[in-house]
Amino acid sequence: MQYKLSFLFIIFLFIAVPQHLISEEVKPLTENDVDWYDTTQWKNEGRAFDDTTTPFTRLPKRAEDKVTKSVWGLSGQSAGIVVRFKTDGTKIIARHEIGNDTAMEHMTKVGSAGLDLYAKDQNGKWRWAGFSKPNAKKYESIVLSDVSKEMREYMLYLPLYNATISLSIGVPAGSKFEAVQPLPQKPIVYYGSSITQGCSASRPGMTVPAILGRRFNLPVINFGFSGNAKMEKDLAQFIAEKDASVYIIDALPNMQPEQVKERAEIFLREVRKARPDTPLLLVEDRTNTNAWLKPQQLKTHAEKRKYFREAFDKLTAEEKKNISYVPADGLLGDDDEGTVDSSHPSDLGMFRMAEVLIPYLAKLMERTYSIPGAYTGNK
């Protein structure tokens, strides 16, 4: 009798409670309810080149025969690309097509394949707002709902480890909508490994490059190439092609000591030759959080850093300006809690890395940055 009453009570709740309080995602969306805006109709931020194969890829078509096949393939993933827009819509919907709907084993599906939305508050601060739910190669997802009807600016980060094939933004029919062009300032150009690309941030806005972009209010170019940031000379030429506020070089996690010895100085000089006056920040590889148990791992870290430091010392002996070096100590904190697998930072690790880099960047670029930890600079 008790089980029968419980079952009847559940049925009563389902009938009595308004359906919009149960799950908004199940509400059907019709074309008449929504105004759709194709994001390819305005320029997206985070792209260094206009001559790419699609609006959502990171290297130009002419790079295909000059970079490795792996780097070329990874450049089709949309890490770091951002869509900016304004709307007074009370709901924001994404119509998104991606290369595949799988996730890396140590990342969330949102981080690998989804969208991440930030909104600017009345004080001009970027604050997290919502995310998409990628459940197929082509899907629609409510990213944000039930917000007050007032005009505000949004920033939508694209997937870190997936290709974006197409993306449209939907708002309730009749809502105001404005495309926002990329920030006009010179970008932070960040070259590095899978960590730079975003592994293992839980969502696309939590990578180190993305955090730096929000803190400095600058556009960012994410040149993270997972497992394949190995300082090839040809790639240096493409990186330096984009006039930047600063170049960050953070490729040691993907390199062996002999590669660092052979390539680091050549790579850095190639960037310097193209952009002699642009600040350059060199970042050592983070220490694997279980390396204290592995003597060979500690030796490899030490050897790579030795050769990287030697390349830095040669440059600074000649130039003595606009170049700085970040040692590995403290990049992930000192409690070994900053990664998901000893190598790739969690959100905590990404945040800690960004916090370490911010003072170096602020000094190099002579810029202030947003709190916490405001730097008092010259600009």
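Look a little higher up for the structure.
**What to know about the nonpolar core**
Nonpolar side chains in soluble globular proteins tend to be buried together.
In step 1: Formed by 40 residues in total, the largest nonpolar core has its most connected members in Leu59, Tyr191, Phe223, Met231 and Phe308.
In step 2: Once you skip the residues sitting within four places of it in the chain, Phe308 turns out to touch Met231, Ile249, Leu252, Val260, Ala264, Leu268, Leu282, Val283, Glu284 and Tyr325.
In step 3: One finds Ala201, Ala210, Met350 and Leu361 within the second-largest nonpolar core, a separate group that totals 39 residues.

**Digging into the packing of helix α6 (residues 233-241) against helix α7 (residues 257-274)**
In step 1: Following both chains from N to C, one finds α6 and α7 inclined at 30°, their axes separated by 9 Å at the closest point. In terms of orientation, α6 lies roughly parallel with respect to α7. Viewed along their axes, α6 and α7 form a crossing whose handedness is right-handed. Of the residues in α7, those touching α6 at Lys233, Leu235, Ala236, Gln237, Ile239 and Ala240 are Ile266, Phe267, Glu270, Val271 and Ala274.

**Details of the environment of Lys230**
In step 1: Take Lys230: it is sitting in the loop between β11 (220-224) and α6.
In step 2: C-alpha of Lys230 to C-alpha of Gln256: the two residues are 26 residues apart in sequence and 8.8 Å apart in space.
In step 3: Setting aside anything within four residues of it in sequence, one finds Lys230 in contact with Tyr191, Asn254, Met255, Gln259 and Arg263.

**Some details on the sheet that holds strand β7 (residues 152-157)**
In step 1: Here 5 strands make up an open sheet; going across it, the order is β5-β4-β7-β2-β9 and the pairing antiparallel. The sheet terminates laterally at β5 (126-131) and β9 (177-180), the two strands that pair on one side only. Between one strand axis and the next, the sheet turns by 30° as a mean value, whatever way the strands run.
In step 2: Bridge count for strand β4 (residues 116-120) against β5 is 5 bridges, and the pairing is antiparallel. Bridge pairing in β5 links Ala119 to Arg127.

**A short note on unusual backbone geometry**
In step 1: Omega for the bond connecting Cys199 with Ser200 falls within 30 degrees of zero, at 15°, which places this linkage in the cis form.
In step 2: The backbone phi angle of Ser342 is positive, close to 85°, even though this residue is not glycine.

**Details of the sheet that holds β11**
In step 1: One open sheet accounts for 5 strands, arranged β11-β10-β12-β13-β14; its pairing is parallel. Both outer strands of the open sheet, β11 and β14 (323-326), are each paired with one neighbouring strand and no more. Taken pair by pair, the neighbouring strands of this sheet meet at an average axis angle of 15°, ignoring direction.
In step 2: Pairing of strand β10 (residues 188-192) with β11 involves 5 bridges; the strand directions are parallel. For Val189, the partnering residue across the bridge sits in β11 and is Ile221.
In step 3: The strands that helix α5 (residues 208-216) touches are β10, β11 and β12 (246-250); relative to β10, the one it contacts most, it runs at about 165°.

**Section: the packing of aromatic side chains**
In step 1: Enumeration according to the criterion identifies 13 aromatic pairs in this entry.
In step 2: With 6.3 Å between their ring centres and 25° between their planes, Trp128 and Phe131 make a pair best called stacked.
In step 3: With a relative accessible area of 31%, Phe131 lands in the partly exposed category.
In step 4: Three or more aromatic residues joined by ring pairs form one cluster here, namely Tyr37, Trp42, Phe85, Tyr154 and Phe177.
In step 5: Here the basic side chain of Arg95 rests over the ring of Trp36, its NZ or CZ set 4.0 Å away from the ring centre.
In step 6: Positioned above the aromatic ring of Tyr325, the side-chain terminus of Arg309 is 4.5 Å from the ring centre.

Calculation notes
Residues numbered from 1 in each chain as written. Predicted model: local features only at pLDDT ≥ 70, side-chain atom pairs only at ≥ 80, totals over all residues. Heavy atoms only, no water. Core = buried A, V, L, I, M, F, W, Y, C linked by side-chain atoms within 4.5 Å. Buried < 20%, exposed > 50% of the residue type's maximum accessible area, 1.4 Å probe, protein only. Contact = heavy atoms within 4.5 Å. Axes fitted to C-alpha atoms, helices over the stretch in contact; angles between N-to-C directions. Helix = DSSP H or I, 4+ residues; strand = E, 2+ residues; numbered from the N terminus. Parallel < 35°, antiparallel > 145°, perpendicular 65-115°, else oblique. Left-handed = near helix turned anticlockwise from the far one by under 90°. Pairing = 2+ DSSP bridges. Phe/Tyr/Trp six-rings, centres within 6.5 Å; stacked < 30°, edge-to-face > 60°. Lys NZ or Arg CZ within 6 Å of the ring centre and 35° of its normal.

None of the figures reported here should be taken as evidence of function without further support.
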